[in-house]
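# Observations on chain architecture
Here is what each chain is made of, one letter per residue.
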Amino acid sequence: MDVMMAAIKNMRTIRVKIEKLCEDAGVPPVEALEMASADLMIRNQYGFLPQPITWQISGDEVVIQYPEETEANRNEAERLAIRAGNHAAAGRYDRAIGILKRILELAPSMHRARLDLAMAYVQVGDDDNAIDHLIEVLRLNPADASSWVVLANLYIQKKSDHKTGEKFLRKALEISPNNPWALNSLATLAMEEGKFVEAFPIFEQIIASSPKFSNAYYGEAVIYSHAEKPDQAVAVLEKMFVYAEMQDVRSGPVYAAASQMFSKLQVKLAERNQPEVLNLVQNYQAEVEYLSGYPVRIQAEEFETKIGATLQVAWKHKRDFHLLKVRSSYPPPLVAHLECHELTHLKLESVARKAGKNLFFTTTAANREKAICSIENDIRRWEKAGFSEERIIEVTLSLTRGLCEFLFNCPLDMLIERDLRNSFPLLRPAQFLSVCKLATEAAETNRHPEVRKLYPPRLMKVLLALNGTNALFLDDLFKGTTELSSAYHGEETFGLSQKLWKHWQERSTNLSPGAEYGLVDEFADMVGLRGWYEWKSDCLETSKPIT
């Protein structure tokens, strides 16, 4: 008697509507069937459950009972589920599948494991097994909206059965009216059928109810782009990168596609804005010329190094004009940005000069000696490698001078790009393309094996730290639409990059004229380059005002 009571107590129950049971089996209502036929139908559909199965009809439902797994089996299944989850998270789906199968041998009614197995089969492209296990999941729990969505997408994408897929999506939405995955699939299906007007309000509904759901922003941006409305598409994508979050592995391709679309739209907008931007640059040039007291001459030139532009200031070079050189191979929108960047350099210096706070960044023989002494071991390495004395001097001076210039420009360039972003909305697409190109080229150069081999390790660490800082700044400037800093995540210097970036954020607001030079000193202290340069006072000379 005790054994019988224990068996009854350890039974689990499923209640299934007769109509649903028969619909799945493709037969008339169960009342019209002989009991033997009904029994066979139930055992066929629920044969994956622990045996023996018992059932009885209660009103319009079939009540199915099956024995609960032992505690030992459930504990082992839970332990294995953690391993399976780790394998799946790392993309090792084949291993996860093997473990999940074992889990279901131990605990056939473990709903989560059966769903995870179905999803793993989806990832490896085994659609038939995925569909079979999803159907089993839904037989155990017909109210599982997520399974209806996955099943729907398999029918839509793999079987090209839009009608059945939409039917399953509607079932999911009956269970969970604001389910973002169901709504997104429904809107995507409408778009595939060319029904953009129907899809748009669905994406709007998702964004309103689930603002962290990335797919809806991307879908809406696709609609705007299809309608030749790049400004609106960009605005939606910017919101996506600010408010949305990575949902799971399925969100990865969406973010990748959104980043690619964002870049393409920037090209389109930069070309569209170019006539107005040219006018903007001319006006800005006139403003800076008046402020500095000297005209600006612009000259196209191809540089030996991968710099975008240089500025030779009149009072430093004892000229009656400023000379701005830009890379001649750049397309016009990027040239416009580089010109505005260098003009802002000149503006900062002119403002500091008028306030009597301007300084010249320079190096002396003593500074150069200190820099050279810091890489004595590398110089000896070059000597052993057969470098000539002339070549060693050339390389040493070039590397130390270049690093000093980068130290000076890094914190100032970030100030300039922030100012351009805030001051000239029309320039933003060109700015995005220009600085991303330069940052990408810098990352590629830093990774080049020959550069790593030649560069003194100490100097390379400083170079990587400063480039990583600039990349963090750009990712923030563009509100997450870029991942330029990812190129430096694996470097041992990335922690220093983060410290430099945080320091710049704290110190770069509300700076008085000339105070930006203090940022250079603070960066130098943090990267260990203090003493490699000096500041020379700028004695303001009488300038010829532009008339």
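Nothing here was measured: the structure is a model prediction, and the numbers come from that model.

### Let's talk about the overall build of the protein chain
- Per the secondary structure count, the protein chain includes 24 helices and eight strands.
- A total of 547 residues make up the protein chain; the buried ones form 46% of that total.
- Considering only residue pairs separated by 6 or more positions, the protein chain has 64% of its internal contacts joining residues 24 or more positions apart.
- With an accessible surface of roughly 27800 Å², the protein chain has 52% of that area assigned to carbon and sulfur atoms.

### Examining the pattern of salt bridges
- Scanning the entire structure with this criterion turns up 23 salt bridges.
- A salt bridge links arginine 112 to aspartate 116; its shortest N-O distance comes to 2.8 Å. Of this pair, arginine 112 and aspartate 116 both sit in helix α6 (residues 111-124), four residues apart, which is roughly one turn of the helix.
- Given a relative accessible area of 49%, arginine 112 falls into the partly exposed group.

### Quick notes on helix α5 (residues 93-106)
- An ideal rise of 1.5 Å per residue puts 20 Å on 14 residues; α5 measures up with 20 Å between its terminal C-alpha atoms.
- Taken together, the buried positions of α5 are Tyr93, Ala96, Ile97, Ile99, Leu100, Ile103, Leu104 and Leu106.
- Those residues of α5 that are buried are in contact with α4 (71-89) and α6.

### Points about the packing of aromatic side chains
- This model, assessed by the stated rule, comprises 19 aromatic pairs.
- Relative to phenylalanine 168, the ring of tyrosine 155 has its centre 5.4 Å away and its plane inclined at 85 degrees; by these criteria the two rings are edge-to-face. Residue tyrosine 155 is located in helix α8 (residues 145-157), and its partner phenylalanine 168 is located in helix α9 (residues 162-175); the two are separated by 13 residues in the primary sequence. Accessibility classification places tyrosine 155 together with phenylalanine 168 in one group, the buried group.
- Geometrically, the ring pair formed by tryptophan 501 and tryptophan 504 is stacked, given 5.8 Å between the ring centres and 20 degrees between the ring planes. Of this pair, tryptophan 501 and tryptophan 504 both sit in helix α23 (residues 494-507), three residues apart, which is roughly one turn of the helix.
- For tryptophan 504, a relative accessible area of 2% translates into the label buried.
- Taken together, the ring pairs connect Phe361, Phe408, Tyr517, Tyr533 and Trp535 into an aromatic cluster.

### What about the environment of proline 177?
- Relative to the assigned elements, proline 177 resides in the loop between α9 and α10 (180-192).
- Exposure remark for proline 177: the relative accessible area of 54% places this residue in the exposed category.
- In contact with proline 177, other than residues within four places in its own chain, are Leu183 and Gln205.

### Notes on α8
- Helix length check: α8, at 13 residues, gives a terminal C-alpha distance of 18 Å against a target of 18 Å (1.5 Å per residue), a fit within 8%.
- Taking burial as the measure, the 13 residues of α8 include 11 buried ones, the bulk of the element.
- If you follow the buried residues of α8, they end up packed against α6, α7 (127-140), α9 and α10.
- Here α8 starts with a cap whose side-chain oxygen sits 3.2 Å from the backbone nitrogen of serine 146, and that cap is aspartate 144.

### Description of the sheet that holds strand β6 (residues 322-327)
- Read from one edge to the other, the open sheet built from three strands follows the order β4-β6-β5, with strand pairing classed as mixed. With one partner strand each, in any of the chains shown, β4 (296-301) and β5 (309-312) form the two edges of the open sheet. Averaged over all neighbouring strand pairs, the angle between strand axes comes to 20 degrees, with direction disregarded.
- Where β5 lies against β6, four bridges are found, and the strand directions are antiparallel. Its bridge partner lying in β6, threonine 310 is registered against lysine 325.

### A look at the packing of helix α14 (residues 251-292) against helix α20 (residues 428-447)
- In contact at an axis separation of 8 Å, α14 and α20 are set at 125 degrees when each is read in the N-to-C sense. Considered as vectors, α14 and α20 are oriented oblique to each other. Our pair here, α14 against α20, has a crossing hand that is left-handed. Counted together, Phe262, Ser263, Gln266, Val267, Leu269, Ala270 and Asn273 of α14 and Arg428, Pro429, Ala430, Phe432 and Leu433 of α20 form the full contact between these two elements.
- Taken together, the residues of the contact of α14 with α20 sort by class into eight nonpolar, three polar and one charged.

### Digging into the pairing of β6
- The element β6 is largely enclosed, with a buried count of six among its six residues.
- The two faces of β6 match: His322, Leu324 and Val326 on one face and Leu323, Lys325 and Arg327 on the other face are all buried.
- Where β4 lies against β6, six bridges are found, and the strand directions are parallel. Within β6, the position partnered with isoleucine 298 by the bridge is leucine 324.

Parameters and conventions
Chains are numbered independently. Their residues run from 1 in the order of the written sequence. The predicted origin of the model limits local features to residues at a pLDDT of at least 70 and limits the giving and counting of side-chain atom pairs to 80 or more, whereas totals for whole chains, interfaces and linings rest on all residues. The side-chain numbers reported here are obtained from all heavy atoms of the structure, hydrogens and water having been left aside. Strands here mean DSSP runs of E at least two residues long; helices mean DSSP runs of H or I at least four residues long; both are numbered from the N terminus. Here's how the labels work: a residue is buried when its accessible area is under 20% of the maximum for its type, exposed when over 50%, partly exposed in between, all with a 1.4 Å probe on protein chains only. Between two residues, a contact is recorded if the distance between any of their heavy atoms is within 4.5 Å. Accessible surface area values rest on a Shrake-Rupley calculation with a 1.4 Å probe, where residue burial reflects the displayed protein chains alone. Should a side-chain nitrogen of Lys or Arg be within 4 Å of a carboxyl oxygen of Asp or Glu, the pair is scored as a salt bridge. In this scheme, a helix's expected span is set at 1.5 Å multiplied by one less than its residue total. Paired rings are identified among Phe, Tyr and Trp, the last through its six-membered ring, by centres lying within 6.5 Å, and are further divided according to the angle between planes into stacked (under 30 degrees), edge-to-face (over 60) and tilted (the rest). Here a polar contact is recorded for every N or O atom pair within 3.5 Å, except that within protein the pair must consist of a potential hydrogen donor and a potential acceptor, and residues adjacent in sequence are included only if both atoms are side-chain atoms. Whether two strands pair depends on DSSP finding at least two bridges between them. Helix axes are fitted to C-alpha atoms over the stretch in contact, other axes to C-alpha atoms as well, and angles between N-to-C directions run from 0 to 180 degrees. Any angle between 65 and 115 degrees counts as roughly perpendicular, while under 35 counts as roughly parallel, over 145 as roughly antiparallel, and the rest as oblique. The handedness criterion is simple: a crossing whose near helix is rotated anticlockwise from the far helix by less than a right angle is left-handed, and one whose near helix is rotated clockwise is right-handed. Side-chain classes follow a simple rule in which Ala, Val, Leu, Ile, Met, Phe, Trp, Tyr, Cys and Pro form the nonpolar group, Asp, Glu, Lys and Arg form the charged group, and the remainder, Gly included, forms the polar group.

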